[in-house]
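Structural overview
These are the residues of each chain, in order.
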Amino acid sequence: DVHEGVVLNAESALSIYPNPASDDAVIGVDLVTDQPVNLYITDATGKLRMSVIDNERLTDQKFVRNLHTGDLPSGIYVCILKSGGKIFTRKFMVQH
């Protein structure tokens, strides 16, 4: 099903491992889109902690990005993927 140029599989569109993370994590994204993509990390209160992808057009349907979590305090975070009006979230934990 195509809506606003985006096809996302909710189960596998966004993954983070390992979870919990210590110093580094890997974010995996699987999507088909011709729209710009935003991917960012917020803390449990919704405060923006880091921007991973800022309004980029992606050339690959599947990609991974390394995420350095060593500077984040231990706690719960949310990875948010936005593209073409679709939003997917995945909670993860940082533990030092």
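Residues numbered from 1 in each chain as written. Predicted model: local features only at pLDDT ≥ 70, side-chain atom pairs only at ≥ 80, totals over all residues. Heavy atoms only, no water.

**Overview of the overall build of the protein chain**
What counts here: Only runs of H or I of at least four residues qualify as helices and only runs of E of at least two qualify as strands under DSSP, and these elements are numbered from the N terminus. For each residue, the accessible area found with a 1.4 Å probe, counting protein chains only, is set against the maximum for its type, and the residue is called buried under 20%, exposed over 50%, and partly exposed in between. Only heavy atoms enter the contact rule, under which two residues are in contact if any of them lie within 4.5 Å. Only the protein chains shown count as cover for residues, and the accessible areas themselves come from Shrake-Rupley with a 1.4 Å probe.
Across its full length, the protein chain holds zero helices and eight strands. Ordered by position from the N terminus, the helices and strands of the protein chain form the series β-β-β-β-β-β-β-β. Taking all 96 residues of the protein chain together, the buried fraction comes to 39%. Considering only contacts in the protein chain between residues 6 or more positions apart, those separated by 24 or more positions represent 56%. Counting only carbon and sulfur atoms, one obtains 48% of the accessible surface of the protein chain, whose full area is about 5,600 Å².

**Overview of the pattern of salt bridges**
To be explicit about the condition: Salt bridges are counted wherever a side-chain nitrogen of Lys or Arg sits within 4 Å of a carboxyl oxygen of Asp or Glu.
Per the counting criterion, the structure on display carries three salt bridges. The salt bridge partner of Asp-30 is Lys-62, with a shortest N-O separation of 4.0 Å. Pair noted here: Asp-30 is in strand 3 (residues 24-33) and Lys-62 is in strand 6 (residues 62-68), with a separation of 32 residues, a long-range link. Notably, a salt bridge pairs Asp-43 with Arg-49, separated by 3.7 Å at the nearest N-O pair. Residue classification places Arg-49 among the partly exposed residues on the basis of a relative accessible area of 33%.

**Some remarks on the environment of Gly-70**
With respect to the helices and strands, Gly-70 occurs in the loop between strand 6 and strand 7 (75-83). C-alpha of Gly-70 to C-alpha of Val-94: the two residues are 24 residues apart in sequence and 8.4 Å apart in space. Look past the residues within four positions of Gly-70 in its chain and what remains in contact with it is Ser-22, Asp-23 and His-96.

**Topic: the nonpolar core**
Let me state the cut-off plainly: Joining through side-chain atoms within 4.5 Å is the link that ties buried Ala, Val, Leu, Ile, Met, Phe, Trp, Tyr and Cys residues into a set, and such a set is a nonpolar core.
With 21 residues, the main nonpolar core has Ile-27, Val-29, Leu-39, Ile-41, Cys-79 and Phe-92 as its most contacted residues. Of all elements in the fold, only strand 2 (14-17), strand 3, strand 4 (37-43), strand 5 (48-56), strand 6, strand 7 and strand 8 (86-94) reach the threshold of two or more residues within this core. With near-sequence residues (within four places) excluded, Ile-27 lies in contact with Leu-14, Ser-15, Ile-16, Leu-39, Ile-41, Val-52, Phe-63, Val-64, Arg-65, Leu-67 and Cys-79.

**Brief notes about the sheet that holds strand 5**
For clarity, the cut-off: At least two DSSP bridges between two strands are needed for those strands to be called paired. All axes here are fitted lines through C-alpha atoms, helices being fitted over the stretch that makes contact, and every angle between N-to-C directions spans 0 to 180 degrees.
As summarised here, the arrangement of the four strands in space is 5-4-7-8, forming an open sheet in which the pairing is antiparallel. Looking along the sheet, the strands with just one partner apiece sit at the ends: strand 5 and strand 8. Along the sheet, successive strands turn relative to each other by an average axial angle of 15°, direction set aside.

**Observations regarding the confidence of the model for the protein chain**
Threshold: What pLDDT reports is the predictor's confidence in each residue, on a scale of 0 through 100.
Confidence in the prediction for the protein chain averages 85 pLDDT; 88% of positions are at 70 or higher. Here strand 1 (residues 6-8) stands out as the least confident element of the protein chain, with mean pLDDT 47; strand 4 is the most confident, with 94. Segment residues 1-9 is flagged for pLDDT under 50; beyond a separation of four residues in sequence, or across chains, it makes 23 contacts in the model.

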